[in-house]
Amino acid sequence: MSAFLAIVRLDDAPVEAELVERLTTALRYRARDGEATWCEGVAGLGFACRRTTHQARFERQPCSTDGRTWLAGDIRVDAREDLVRRLGIEKDTDLDTHPDSRLLLAALDAWGAAALDRVLGDYSFAYWNVEARRLFAARDPFGMRTLYYAALPDQVVLSNSLHAIRCHPQIDDAPCETAMADFLATGDQRMIDKTVTPYAAIRSVPEGHALVVSDGRFQIRRWWQQTLPSFDRHLGSEREAVDAFREVLTLAVRDRMRNDRVAISMSGGMDSSAIAALAVEAGAASCELRALTVVWDRLDVTRERDLAAQVAERLGIPIEFFPADDETFADTPPATLRPTEVYTP
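Residues numbered from 1 in each chain as written. Predicted model: local features only at pLDDT ≥ 70, side-chain atom pairs only at ≥ 80, totals over all residues. Heavy atoms only, no water.

## Regarding the overall build of the protein chain
Within the protein chain one finds eight helices and 14 strands. Looking at the protein chain residue by residue over its 345 residues, the buried ones come to 43%. Of the contacts made within the protein chain by residues no fewer than 6 positions apart, 61% connect residues no fewer than 24 positions apart. For the protein chain, the computed accessible surface area is about 18800 Å², with 52% contributed by carbon and sulfur atoms. (Helix = DSSP H or I, 4+ residues; strand = E, 2+ residues; numbered from the N terminus. Buried < 20%, exposed > 50% of the residue type's maximum accessible area, 1.4 Å probe, protein only. Contact = heavy atoms within 4.5 Å. Areas by Shrake-Rupley, 256 points an atom, 1.4 Å probe, with all protein chains shown as cover.)

Right under this line is the structure:
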């Protein structure tokens with residue numbers, strides 16, 4: 001996944017371009033397909049690219065269409081054709097040359113914060129309006145992408161990388177006692193408070209929330225609220241319900257197969273096997289698909305290796321097994337507790 005950061009000054013002082021560049025360099029451990037920065041006035045953005053789709057070959061972040069708004073983020077947009085239709089983009093537009101960031105930027109330029117009610121996908125991003133001097137940064141409804149921030153007296157620093165924020169000279173590594181106590185008591189540092197991180201100076205924006213910086217102040221606010229879905233058609237039979245579910249699941253699988261090589265973490269169970277079968281239907285002719293399976297041969301009572309092998313053989317895809325019986329995961333503990341983010345200089 002790509003990595004990004006944003007710095008916004010709260011005291012009207014110009015952002016330090018050298019600092020933005022230094023923190024962007026700290027993102028290289030996450031993404032090594034190129035990096036870039038943008039700075040103007042009180043704001044600066046940094047981006048390090050990791051290409052995972054065909055369209056990402058055309059990724060140019062931080063990005064802007066008119067110099068008035070700028071975007072940097074870790075973004076995957078689903079249902080791209082539907083979004084393009086809503087935006088009124090020309091039908092003959094070659095979507096293969098449009099990275100997801102460009103589509104999200106167009107949606108934000110057109111609809112503002114309301115764009116998130118119309119965009120499907122996984123993302124965290126920073127969107128800066130030059131004229132309004134306003135930062136809008138948000139995280140997807142289910143928190144599939146991370147978003148951290150540190151609020152200093154004179155500036156706000158945010159990123160999807162804990163390490164990059166820690167590299168800021170005004171931010172120390174003092175531990176968060178609440179997170180430590182929660183981890184020791186429950187095994188999860190966020191059981192009591194989802195906004196904490198292992199570091200007292202750094203907080204996490206909860207899933208479905210946005211961080212807004214305007215007029216020298218910042219706030220965290222919820223933009224998404226779970227509601228029961230409304231159905232636009234009546235399903236009169238079990239067969240119609242199955243067909244409708246298959247249609248939606250097929251589209252979801254296809255949205256995640258925009259590359260020449262695709263891997264699926266597959267067990268011999270129903271869920272991953274069904275997804276693998278749909279992936280074969282959706283992308284067998286356009287990409288190299290393979291299955292990866294972790295197995296415990298001495299402990300496994302579920303016949304994981306045997307069942308996964310049967311599914312792979314039936315679907316005609318290669319499978320690679322990773323025996324874990326002798327793995328000693330504790331020998332190389334992660335650099336952070338949650339999410340598992342290992343920093344390699």
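So, next bit.
## Here's the deal with the packing of helix α6 (residues 238-255) against helix α7 (residues 270-283)
Interaxial distance between α6 and α7 falls to 9 Å at its minimum, and their mutual angle equals 70°. One way to sum up the angle between α6 and α7 is to call them roughly perpendicular. For the pair formed by α6 and α7, the contact residues are Arg-246, Leu-249, Thr-250, Val-253 and Arg-254 on the first element and Ile-275, Leu-278, Ala-279, Glu-281 and Ala-282 on the second. Its residues placed into classes, the contact of α6 with α7 shows six nonpolar, one polar and three charged. (Axes fitted to C-alpha atoms, helices over the stretch in contact; angles between N-to-C directions. Parallel < 35°, antiparallel > 145°, perpendicular 65-115°, else oblique. Nonpolar A, V, L, I, M, F, W, Y, C, P; charged D, E, K, R; others polar.)

## Some details on the confidence of the model for the protein chain
Chain-level statistics for the protein chain give a pLDDT mean of 87 and a share of 89% at 70 or above. The model gives residues 333-340 a pLDDT under 50, and that stretch makes 19 contacts with residues more than four places away or in other chains. (pLDDT = per-residue confidence, 0-100.)

## Re the packing of aromatic side chains
Under the defined criterion, the tally for this structure stands at five aromatic pairs. Members of the aromatic cluster, joined through ring pairs, are Tyr-123, Phe-125 and Phe-136. In this structure, Arg-305 packs its charged tip against the face of Phe-321, placed 4.7 Å from the ring centre. (Phe/Tyr/Trp six-rings, centres within 6.5 Å; stacked < 30°, edge-to-face > 60°. Lys NZ or Arg CZ within 6 Å of the ring centre and 35° of its normal.)

## Focus on the sheet that holds strand β1 (residues 3-9)
Here we have six strands laid out as an open sheet, ordered β2-β3-β1-β8-β7-β9, and antiparallel in their pairing. Strands at the two margins of the open sheet, each flanked by one partner only, are β2 (35-40) and β9 (203-204). When β1 meets strand β8 (residues 155-159), the two strands line up antiparallel, connected through five bridges. For Val-8, the partnering residue across the bridge sits in β8 and is Val-156. Taken strand by strand, helix α1 (residues 17-25) contacts β1, β2, β3 (43-48) and β8, and its axis lies near 155° from that of β2. (Pairing = 2+ DSSP bridges.)

## Some details on the sheet that holds strand β4 (residues 69-78)
Taking strand neighbours across the sheet as the criterion, the five strands line up as β4-β5-β6-β10-β11 in an open arrangement whose pairing is antiparallel. Only two strands of the sheet have a single partner each, and these edge strands are β4 and β11 (217-222). Across the sheet, the axes of successive neighbouring strands diverge by a mean angle of 10°, strand direction being ignored. As judged from the five bridges shared by strand β6 (residues 134-139) and strand β10 (residues 209-214), these two strands associate in the antiparallel manner. By the bridge assignment for β10, Ala-137 is matched with Leu-211.

## Details of the side chain of Thr-69
With respect to the element layout, Thr-69 can be found in strand β4. Exposure remark for Thr-69: the relative accessible area of 6% places this residue in the buried category. Look past the residues within four positions of Thr-69 in its chain and what remains in contact with it is Cys-63, Ser-64, Leu-105, Asp-109, Tyr-127, Trp-128 and Asn-129.

## Details of α6
Working note: α-helix, 3.6 residues per turn, so residues spaced by three or four point in the same direction. Counted at 1.5 Å a residue, the expected span for α6 with its 18 residues is 26 Å, and the 26 Å between its end C-alpha atoms agrees. Three or more residues of α6 are buried, namely Ala-244, Thr-250, Val-253 and Asp-255. Elements in contact with the buried residues of α6: β4 and α7. (Expected span 1.5 Å × (residues − 1).)

## Some words on the pairing of β11
As defined by bridge partners, β10 adjoins β11 across six bridges and the pair is classed as antiparallel. Of the residues in β11, the one forming a bridge with Ser-214 is Arg-217. With antiparallel pairing between neighbouring strands as the criterion, β10 and β11 make up a hairpin whose turn holds two residues, including Asp-215 at a positive phi of roughly 55°.

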